[in-house]
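Each chain, letter by letter, is given below.
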Amino acid sequence: VCEAEDFNAAMEQYLLYHPQIVVADMSSNSSYGLELVPQLQKRDPQLQFLLLTSKPLDFAGFGLNLRRVSVLDKNATKKELANAVFAVLCLQKSP
């Protein structure tokens, strides 16, 4: 588990650790998460994403492979977050 404050830090963390899943907080003061997803999908088409948000996301124009992107309300409980991560990891094992 690692954290990144911005797009460049997130890319550095990805290149260093090559995670199976990226959990990104889609905060209202930063859009780097939606910019990060297509860049990482180009590098690793199998990479899974769990986007945490407090508002609906507009994916139009980002060219995302939405089969590899899940969305969870930012106010979810720890149990809901754990279940979402588990579900995303299970998706990774499917074709």
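Whatever comes next refers back to the structure up there.
Here the residue index of a chain counts from 1 through its sequence in written order. Only residues with pLDDT of at least 70 are given local features in this predicted model, and only at 80 or more are side-chain atom pairs given and counted; all residues enter the totals for whole chains, interfaces and linings. Only hydrogens and water are set aside; all other atoms, that is, all heavy atoms of the structure, feed into the side-chain values.

Caption draft 1: Looking closely at the overall build of the protein chain. Think of it this way: any DSSP run of H or I at least four residues long counts as a helix, any run of E at least two long counts as a strand, and we number them from the N terminus. Scanning the protein chain from N- to C-terminus turns up three helices and three strands. Listing the helices and strands of the protein chain from first to last along the sequence gives α-β-α-β-β-α. When accessible area is computed with a 1.4 Å probe and restricted to protein chains, residues below 20% of their type maximum are described as buried, those above 50% as exposed, and intermediate ones as partly exposed. A burial count over the protein chain gives 31% of its 95 residues as buried. A fraction of 57% describes how many contacts in the protein chain between residues 6 or more apart in sequence connect residues 24 or more apart. Surface accessibility follows the Shrake-Rupley procedure with a 1.4 Å probe radius. Residue values consider only the protein chains on display as shielding. By element, 54% of the accessible surface of the protein chain is carried by carbon and sulfur atoms, the whole surface being about 6,400 Å². Working rule for contacts: check all heavy atoms of both residues, and any pair within 4.5 Å makes them a contact.

Caption draft 2: Examining the sheet that holds strand 1 (residues 21-25) more closely. Spatially, 1-2-3 is the arrangement adopted by the three strands of the open sheet, whose pairing is parallel. One side of each edge strand has no neighbouring strand; the edge strands of this open sheet are strand 1 and strand 3 (69-73). Ignoring strand direction, the axes of neighbouring strands in this sheet form an average angle of 20 degrees. Judged from the five bridges that link them, strand 2 (residues 48-53) and strand 3 form a sheet pairing that is parallel. Paired with Leu51 across the strands is Val71, a residue of strand 3. When DSSP locates at least two bridges between a pair of strands, those strands are taken to pair. Axis definition: a line fit to C-alpha positions, over the contact stretch in the case of helices; interaxial angles, taken between N-to-C directions, run 0 to 180 degrees.

Caption draft 3: Seen up close, the nonpolar core. Buried Ala, Val, Leu, Ile, Met, Phe, Trp, Tyr and Cys residues form a nonpolar core when they are joined through side-chain atoms within 4.5 Å. Counting 15 residues, the largest nonpolar core has Leu36, Leu40, Leu47, Phe49 and Leu51 as the members making the most contacts within it. The element that contributes the greatest number of residues to this core is helix 2 (residues 32-43), accounting for five residues. Apart from the residues lying within four places of it in its own chain, the contact partners of Leu47 are Tyr14, Pro19, Gln20, Ile21, Val22, Leu40 and Arg68. Among the nonpolar cores identified, the runner-up in size contains six residues, and Ile21, Leu50, Leu52 and Ala84 belong to it.

Caption draft 4: Region of interest: helix 1 (residues 7-17). Those residues of helix 1 that sit buried are Ala10, Met11 and Tyr14. Seen along its axis, helix 1 keeps its buried residues to an arc of 100 degrees; they face one direction. Structural note: helix 1 exposes Asn8, Glu12, Leu16 and Tyr17 on the side pointing more than 90 degrees away from its buried face. The inward-facing, buried residues of helix 1 contact helix 2. Within 3.5 Å is the distance limit for a polar contact, defined as a pair of N or O atoms, with the added protein rule that one can donate a hydrogen and the other accept it, and that residues adjacent in sequence qualify only through two side-chain atoms. A side-chain oxygen of the first residue of helix 1 lies 3.3 Å from the backbone nitrogen of Asn8; this N-cap is Asp6. Just past helix 1, the residue His18 takes up positive phi, approximately 45 degrees. Arc definition: it is the arc formed by the directions from the helix axis to the C-beta atoms.

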